[in-house]
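If you want the building blocks of each chain, they are given just below.
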Amino acid sequence: MSQDARTDQQLDSQQALALLKLYIEWGADEAIESTPQSRLVATLPQPAMPAQKSQPAPQLSEQPVPAFRPAPAPARAIGPMDQAAVLSAREAARAAPDLAALKEALARFDGVSLSKTATNLVFADGNPKAKVMLVGEAPGADEDRLGLPFVGVSGQLLDRMMAAIRLDRTSFYITNVCLWRPPGNRKPTDLELAAQKPFVERHIELVAPRILVLVGAAAAQGLLGTTEGITRLRGRWFQYQPGAGEQAIPALPIFHPAYLLRQPAQKRETWRDLLKLREVLS
């Protein structure tokens, strides 16, 4: 290789690293799609669709929006092996008398394939005796490496958000609905979340917080039993029922900080949500 070619290659590498650093500073620290897409392949022209007669738009009646009632997620087929994993998780979670035993049971649990690809179990962080418990979505690369939730760029933003209402990790407790990092930071599947849900529910039951903050769509939908989007859920108080006969816990969904890094304009709405939390804690 000639000297000029080596110099060009070094410049290309430096420019690529500078571009990646810029993306990280802008908050673009994860892929938008679960599979890579080649932008170098020309897109084939799509055949023209035959023109269709336009239909008049339906007329919507002016009615007030009904009060929110959590609705169960659509039924999905669960195979015998998947059902066995969920039942095994329930038994293991119920048998845990305290947080240490629950963490140990999770470390031994082999019903979620994510435990075989992740580096560490990401159990929890903060003060388990705090009044406020935050439940997020899933660990990323930094969380997987350190075994702690919300320690990457998103976690640093979350810490600043909570500090704005005078809370820190000595005054709140934090975990996720997915306790192992999915490969490539992909979204956890419904079956993966279902197999971990008994542990999350037992986790909340053992901590017995005064208030739950559900950070992101996966946490809000999974624990409230609804398919509504986080844009509709955020900023509204719900009642999370930890179990039969147990006292309901007020739950407040908010946007995930990773989303706020991509959509900074939504920080204003999240600030309003945090003020609602601060008001309840006052």
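These figures come from a predicted structure and were not determined experimentally. (Residues numbered from 1 in each chain as written. Predicted model: local features only at pLDDT ≥ 70, side-chain atom pairs only at ≥ 80, totals over all residues. Heavy atoms only, no water.)

Novice: Please explain the pairing of strand β3 (residues 172-176) as it appears in this structure.
Specialist: Regular strands have side chains that alternate between both faces of the sheet. Across the 5 residues of β3, 5 count as buried, placing the element largely inside the fold. Residues of β3 alternate between two faces, with Phe172, Ile174 and Asn176 on one and Tyr173 and Thr175 on the opposite face, all of them buried. When strand β1 (residues 125-126) meets β3, the two strands line up antiparallel, connected through 2 bridges. Residue pairing across strands places glycine 126 opposite tyrosine 173, the latter belonging to β3. (Buried < 20%, exposed > 50% of the residue type's maximum accessible area, 1.4 Å probe, protein only. Helix = DSSP H or I, 4+ residues; strand = E, 2+ residues; numbered from the N terminus. Pairing = 2+ DSSP bridges.)

Novice: What is the right way to read helix α11 (residues 267-281) from this model?
Specialist: In an α-helix there are 3.6 residues to a turn, and that puts residues three or four apart on one side. In this model α11 runs 21 Å from its N-terminal to its C-terminal C-alpha over 15 residues, within 8% of the 21 Å that 1.5 Å per residue would give. Elements in contact with the buried residues of α11: β2 (132-136), α6 (153-163), β4 (211-215), β6 (249-254) and α10 (257-262). (Expected span 1.5 Å × (residues − 1). Contact = heavy atoms within 4.5 Å.)

Novice: Which parts of the structure should I look at to understand helix α7 (residues 190-207)?
Specialist: Across its 18 residues, α7 extends 25 Å between first and last C-alpha, which sits within 8% of the 26 Å expected from 1.5 Å per residue. Of all bends in α7, the biggest is about 40°, found at glutamine 196, and the proline proline 198 comes one to four residues later. (Bend = angle between axes of the 7 residues up to and from the residue.)

Novice: Looking at this structure, I do not really get the packing of α6 against α11. What am I missing?
Specialist: Axes are the key here: two packed helices are described by the angle between their axes and the distance separating the axes. Closest axis-to-axis distance for the α6/α11 pair is 10 Å, and the angle between their directions is 50°. Our classification of the angle between α6 and α11 gives oblique. Both α6 and α11 take part in a crossing whose hand is right-handed. Residues Leu157, Met161 and Met162 of α6 lie in contact with α11, whose contacting residues are Lys267, Thr270, Leu274 and Leu277. Here the residues of the contact of α6 with α11 sort into 5 nonpolar, 1 polar and 1 charged. (Axes fitted to C-alpha atoms, helices over the stretch in contact; angles between N-to-C directions. Parallel < 35°, antiparallel > 145°, perpendicular 65-115°, else oblique. Left-handed = near helix turned anticlockwise from the far one by under 90°. Nonpolar A, V, L, I, M, F, W, Y, C, P; charged D, E, K, R; others polar.)

Novice: For this particular structure, what's the right way to read the packing of helix α3 (residues 99-108) against α7?
Specialist: Packing of α3 against α7 brings their axes to within 10 Å, and their N-to-C directions diverge by 170°. Our classification of the angle between α3 and α7 gives roughly antiparallel. Listed contacts from α7 to Leu99, Leu102, Ala105 and Leu106 of α3 are Phe199, Arg202, His203, Leu206 and Val207. By residue class, the composition of the contact of α3 with α7 is 7 nonpolar, 1 polar and 1 charged.

Novice: What should I look at first to understand the side chain of glutamate 143 in this one?
Specialist: Mapping glutamate 143 onto the fold places it in helix α5 (residues 141-146). Here glutamate 143 is buried and forms no salt bridge, its nearest opposite-charge partner arginine 169 lying at an N-O distance of 7.1 Å. A polar side-chain atom of glutamate 143 sits 3.0 Å from the main-chain amide nitrogen of glycine 140. A distance of 3.0 Å separates a polar side-chain atom of glutamate 143 from the backbone nitrogen of valine 151. When neighbours within four sequence positions are excluded, glutamate 143 is seen to be in contact with Val122, Leu148, Pro149, Phe150, Val151 and Gly152. (Lys, Arg positive; Asp, Glu negative; His and termini not counted. Salt bridge = Lys/Arg side-chain N within 4 Å of Asp/Glu carboxyl O. Polar contact = N/O pair within 3.5 Å; in protein donor to acceptor, adjacent residues only side chain to side chain.)

Novice: It is not clear to me how the sheet that holds β3 should be interpreted in this structure. Could you clarify?
Specialist: Whenever strands of a sheet pair, they do so through backbone hydrogen bonds, lying parallel or antiparallel. Spatially, 6 strands are ordered β1-β3-β2-β4-β6-β5 in an open sheet, and the strand pairing comes out mixed. In this open sheet, the two strands that pair with only one neighbour each are β1 and β5 (238-240). Two elements, β5 and β6, share 3 bridges in a ladder whose sense is antiparallel. When the bridges of β6 are listed, phenylalanine 238 appears paired with alanine 251.

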